[in-house]
Each structure stands twice: as C-alpha cells, then as structure tokens.
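# Working through the structure, step by step
Each chain, written out:
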Amino acid sequence: MTSTQSQQTTDAELDRIFQPIFARIADGAVEREVDRRLAYDEVAQLRAARFGALRAPVESGGYGASVRQLFRLLIDLAAAESNLPQALRVHFVFVEDQLLAEAGPVRDEWLRKIGAGTLVGNAITEPGVGAVDRYRTRLTKRGDDWVLDGTKYYSTGSLYADHILVAADRDGERLGILVDADADGVRQHDDWDGFGQRLTASGTTEFTGVVVPEDRILGPGYGNPGATYSTGYLQLFQLAVLAGIAARAEADTRAWVARRTRGYTHSAGDLPRHDPLVQQVIGKLSAAAFTARATVLAVADELDRTLAAGATDERDLVAVELAAAQAQIGVIETVLPATSLLFEVGGASITSEKLRLDRHWRNARTISVHNPAIQKARAIGDHLLNGAELPFAWSAGERKPS
C-alpha cells in the first residue's frame, strides 16, 4: 500500500478553510506567550477543521493532501503559532504509517478516526540513560495482561492528544505502543522549562501499571536500525517551524517599522521606513523567510515521491534523509541570524516586553537544538567523504565512559 491519495483537495480550498483559523491563532500569540497559556483552544479549532487529517484520504474524512501541501500549511501555521506544528509532528508520522500499511480493517478504522479529528501525541525520549542502551519504560506480562511502566520527557503534544505513541522495551525489543491519553495510570505534566517553544506541551509523562491491549502493540518502534522515511519527515517539521518563525519575524518587524516615526539625528531618512539601512534589514529578513520556505518545500517534494512509491527503496530513503539533514544546516544558519538581526531596525524600544519580538529568537534557538546541527553536519560530511551510513534515529541518553 502506498500513500498516494485517490482524491486531493486543492491549495485554494485548503487556504479557504485554514488561513482564517491561522489568522485567529496568530492574534493571540503574544498573549499566550506572556501568560504561558497552553494552546488548548487553538488546537480545538484545528481539530474541528480536521487539520490532523490533511494527509488522510477524502473517503476517510480527510483532505488527501500531498506532503508538499501539508508542509506549506505547516509553515503558515508556524508563522501564526510556532509551537503547534512541533506539537503535531508525531501525529502526522502516525498518519503516514497508516497510509503505508496494508489495507485492512485496522488501518481503515484509524484513518476514519483521524478523519474525525483524533490526534496522537508522543512519549519517546527518556531522562537519564534514555534509549542509548535500552528504554527504561518497559512492557511486561502480568497475568493475562501486558502492562506499561516508565517515565518519559519531551512528550511533545501529548497534552493536546487523544492517544500517546510510546516507545518501550519488551525483553530487549524496541516497540511502539499506543496508549489512550486518559487511560488509568497515565499522568501528564506541563513541566517543560525551555526558554523557547514553551507551549508545545513537551513535559513529563508517567506510566504506572497501564494495561495495554494486544492490538495497541504496534511492532518495531523508534530507534530500530535501518533506513526509514520518518526521521527525515520528523526533522522537516522542525524546519517548517523555523520557516514559519522567519516569516512571522519579518512580518512583525516590517509592521513595527512601517508605523514608527521615531528615528535618529544621523539616520539616512526622515522616517525609519525611508532609511536605506533599515530597508536592507527588512530585505534580509524577507530573503531568510523565502529561503527557509523554499528549502522545506524542496525536501517535501522528495518525501512526496518517496512515500508515493511506498517508502521501501533504501536509496530513496537515504536521499530523503540526506536532503533533510542538509536542509537542517541551511535553514538554521539562515533563520537564527535573521531573528537576531531584526533588532537592528530600532533602538531600545524594540526590546519592549509588550512586543515580545525576542520570542522569535528564543523559539528558533530552541527548535534548532533538536538533533544538534554540529552532529548532523559531521554525519553529512562522513557520509559524503567516506560513505558512512547516515544515522537515521537520534537517541539521547547517558553513556558509560569507554
């Protein structure tokens, strides 16, 4: 089974549905940042419009969108609220896995649920040793039941979700397990303390004696060896966030300059918007946003082709992973400087807490350290120079000194 859709909603129709929602979400972005209010209402709006079903087939209640269409909208959503695409990224991988699965009642049921608005979060990363050795989150047999116990961190999006995709160990086997977010024994905490991307719901999730039905044990989970589409796909979500941040940073800065009348005695223009140096900064911000967007969509096109072919050809999977890794370096090095450069258009007043323009740099800096770029650049170089295999799954955790 491939992910090719039998029907596809047009860009114009998708924009008609979602752009007004994005505009409403953008209106409250600064207030949510100031109050640190999780975006439950905003996720509810996306759920009601079936944003999570963009890739699901039309006959299942979705939109049959291409990967390119999905990422075009994710960039626009990130420009409105950068936390939300990151919160939804594992959900869309779950959708993609259903599209790639063999046809049957289980697949059809999940696609119908997704078409009705069901959202999936994640609980993969662990504190401490993490998955460098084995997941400390374990699935064990107790009587007739499979039972899940463990603690996860960076459970991005799970507070917004109906189900949680959990990475666990069963006697040395890495598994993916789907747990209801409101199941007995599940406790979620909004304790993510990063200085950016504060509303991604990326805190701790505890599983204590959670009973797992057989049909919720999905098989091999994150971190198993071998080439996969999903790691490049997940990385591209982070880059879509950066592209959206760049677009919002440019728009916010341009709007601030356009209405500003206060300038300097030595400025080259009577008004800031007439100052060639200020104009140059806006031009650079615009170029950063354009470059980031174009880069993300170029990788999305690669993913479209690979997924349409069933995501089984190792050469295609390596090409997608390499493209996503190269894009990561390029987008980070384009967007991060831009979110600092924007402050050059004004004096101390541009640092006002009321504006919260610093959130663009904080959010970009935070999203950029996921799968650290220095490690990714080294992996690219080793691959190109020496033919080394690309590391598809990036697990974090403590290792014993050698």
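Scroll up a little and you will see the structure.
Residues numbered from 1 in each chain as written. Predicted model: local features only at pLDDT ≥ 70, side-chain atom pairs only at ≥ 80, totals over all residues. Heavy atoms only, no water.

## Focus: the nonpolar core
- Counting residues in hydrophobic clusters, the biggest one holds 77 residues, and the most contacted among them are F18, L46, F51, L54, F71 and Y233.
- Here the element with the most residues in this core is helix 7 (residues 230-258); it accounts for eleven residues.
- Those residues in contact with F71 that lie beyond four places of it in its chain are Y233, L236, F237, A240, V296, L297 and A300.
- W146, V179, V210 and I217 belong to the second largest nonpolar core, which has 16 residues in total. (Core = buried A, V, L, I, M, F, W, Y, C linked by side-chain atoms within 4.5 Å. Buried < 20%, exposed > 50% of the residue type's maximum accessible area, 1.4 Å probe, protein only. Helix = DSSP H or I, 4+ residues; strand = E, 2+ residues; numbered from the N terminus. Contact = heavy atoms within 4.5 Å.)

## Let's talk about the side chain of N83
- Secondary-structure assignment places N83 in helix 5 (residues 83-100).
- A polar atom in the side chain of N83 sits 2.5 Å from the side chain of E81.
- Only 3.4 Å separates the side chain of N83 from the backbone nitrogen of T200, close enough to count as a polar contact. (Polar contact = N/O pair within 3.5 Å; in protein donor to acceptor, adjacent residues only side chain to side chain.)

## Remarks on the pairing of strand 1 (residues 120-123)
- Where burial is concerned, the two faces of strand 1 agree: the one with V120 and N122 and the one with G121 and A123 are both buried.
- As defined by bridge partners, strand 1 adjoins strand 4 (residues 163-170) across four bridges and the pair is classed as parallel. By the bridge assignment for strand 4, A123 is matched with V166. (Pairing = 2+ DSSP bridges.)

## Some remarks on empty space enclosed by the protein
- In total, this model carries three cavities of 30 Å³ or more according to the counting rule given.
- Here the largest cavity defines a volume of roughly 120 Å³.
- Together, 14 residues line the largest cavity, and A80, E81, S82, R359 and N363 are the ones closest to its centre.
- When contributions to the lining of the largest cavity are tallied by element, the ones reaching two or more residues are helix 2 (29-35), helix 4 (67-80), helix 7 and helix 10 (358-368).
- Here the residues of the lining of the largest cavity are counted per class, giving six nonpolar, four polar and four charged.
- Approximately 60 Å³ is the volume found for the second largest cavity.
- The wall of the second largest cavity is formed by V43, L46, R47, R50, F51, G52, A53, L88, I114, G117 and L119.
- Considering only residue class, the lining of the second largest cavity consists of seven nonpolar, two polar and two charged. (1 Å grid on protein atoms, 1.4 Å probe; cavity = no way out; pocket = protein on both sides within 12 Å on 5 of 7 lines; lining within 4 Å. Points joined across faces, edges and corners; volume = space filled by probe spheres on them. Nonpolar A, V, L, I, M, F, W, Y, C, P; charged D, E, K, R; others polar.)

## Side note on the packing of aromatic side chains
- Going through the model one piece at a time under the given rule, you end up with 15 aromatic pairs.
- A centroid spacing of 5.6 Å and a plane angle of 40° characterise the contact between Y233 and F237, whose relative ring orientation is tilted. Here the residue Y233 and the residue F237 both occupy positions in helix 7, the gap between them amounting to four residues, near one helical turn. In terms of burial, Y233 and F237 fall into one category: buried.
- Among the aromatic residues, ring-to-ring pairing joins F18, F22, F51, Y63, F71, F92, Y229, Y233 and F237 into one connected group.
- Above the plane of the ring of W146 lies R170, whose end atom (NZ or CZ) is 4.9 Å from the centre. (Phe/Tyr/Trp six-rings, centres within 6.5 Å; stacked < 30°, edge-to-face > 60°. Lys NZ or Arg CZ within 6 Å of the ring centre and 35° of its normal.)

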